[in-house]
Amino acid sequence: MFKVQNTILSDDIATAKFSCDLPRCKGACCVVGDAGAPVAKEEIPVLHKAYRFLKDELRPEAVQVAEKEGVVVGTEKTGYELSCVNGAECIFVDYDQDEVAYCTIQKAYFEGRFNWEKPISCHLFPVRLKRIAGFDYANYEYVPKLCAAACKKGEKEDTGLAEFLEKPLVRRYGKKWYREFLESCEEIRESSK
């Protein structure tokens, strides 16, 4: 483990190779699992706004789930998560012509139609954050079924997970934090040779 300001991170975040390979994994991180992506309390109003904005673009079964169960489920005590269709697919998932899952919120963001990219937990995946006693604990959740293709692509391109996650890490912590983080990653990589 290593520490950058008020964040404690697992060493494998510094050493792992990773680069999403959507044509191979088909967006599995948005559709595989037994729970929705974790959501911060302050993200809930934005997700409700995204739902209202994108409702006509979502799959009918996703709208049905959102209308019946809500866009976000959970409580402050248990934690919040995005609602899912059939206990797996995020309600904001749609599919392209090649059956690759994509996030409708992120698509609208890239098209300039919505001013927020997606929940930070989705943006940071495969790193998951847990807040305990004023510290963020960051762990790399390697799930072979989801991440094997991205790890192979990362090895081939020599892209570290730390570098791959630059944009969401800067979004979460800022540029100064990210520079300190990369310095720590370099030290860990050197010591593990």
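Which residues make up the overall build of the chain, and what values go with them?
A count of helical and extended segments in the chain gives ten helices and eleven strands. For 193 residues, the compact-globule formula gives about 16 Å, and the C-alpha radius of gyration of the chain, at 17 Å, lands near that figure. Along the first, second and third principal axes, the C-alpha set of the chain runs to 50 × 40 × 30 Å. Within the chain, buried positions represent 45% of all 193 residues. For the chain, the share of sequence-separated contacts (at least 6 apart) that also reach a separation of at least 24 residues comes to 64%. Taken as a whole, the chain presents about 10800 Å² of accessible surface, with 52% of it coming from carbon and sulfur. Across the chain, 29 positive and 32 negative side-chain charges occur, with their mean positions spaced 2 Å apart.

Before we move on, could you go through the sheet that holds strand β2 (residues 7–9) and cite the residues and values that matter?
If you walk across this open sheet you meet the four strands as β1-β2-β11-β10, and the pairing is mixed. The outermost strands of the open sheet, each flanked by one partner alone, are β1 (2–4) and β10 (127–132). The sheet shows a mean angle of 25° between the axes of neighbouring strands, direction not considered. Relative to strand β11 (residues 135–140), β2 runs parallel, the two being bridged by three bridges. Each residue of the ladder has a partner; that of I8, found in β11, is Y137. Packed on one face of the sheet, helix α10 (residues 175–191) meets β1 and β2 and runs near 160° to β1.

Before we move on, could you go through the environment of C29 and cite the residues and values that matter?
Tracing the backbone shows C29 in the loop between α2 (22–25) and β3 (38–39). Taking the C-alpha atoms as reference points, C29 and F125, 96 residues apart in sequence, are found 8.1 Å from one another.

Residues and numbers for the pattern of salt bridges, please.
The tally for this structure, following the rule as stated, stands at 16 salt bridges. K55 is paired through a salt bridge with E67; the nearest N and O atoms lie 3.2 Å apart. A residue pair is termed long-range when its members are at least 10 positions apart, and K55 in the loop between α3 (44–54) and α4 (60–69) and E67 in helix α4 qualify at twelve residues. On the accessibility criterion, E67 (49% relative accessible area) is partly exposed. Put simply, E57, K107, E111 and R113 are held in one network by salt bridges that share partners.

Got a sec to walk through the sheet that holds strand β5 (residues 79–82)? Specific residues and values, please.
Strand order in this open sheet of three strands is β3-β5-β4, and the pairing throughout is antiparallel. At either end of the open sheet lies a strand with only one pairing partner, and these are β3 and β4 (72–75). Of the pairings in the sheet, the one linking β3 to β5 comprises two bridges and is antiparallel in character. Residue P38 lies in a different strand from β5, and its bridge partner there is E81.

Rules of the game
- Residues numbered from 1 in each chain as written.
- Predicted model: local features only at pLDDT ≥ 70, side-chain atom pairs only at ≥ 80, totals over all residues.
- Heavy atoms only, no water.
- Helix = DSSP H or I, 4+ residues; strand = E, 2+ residues; numbered from the N terminus.
- Rg over C-alpha atoms; globule rule 2.2 N^0.38 Å.
- Buried < 20%, exposed > 50% of the residue type's maximum accessible area, 1.4 Å probe, protein only.
- Contact = heavy atoms within 4.5 Å.
- Areas by Shrake-Rupley, 256 points an atom, 1.4 Å probe, with all protein chains shown as cover.
- Lys, Arg positive; Asp, Glu negative; His and termini not counted.
- Charge placed at Lys NZ, Arg CZ, Asp CG, Glu CD.
- Pairing = 2+ DSSP bridges.
- Axes fitted to C-alpha atoms, helices over the stretch in contact; angles between N-to-C directions.
- Salt bridge = Lys/Arg side-chain N within 4 Å of Asp/Glu carboxyl O.

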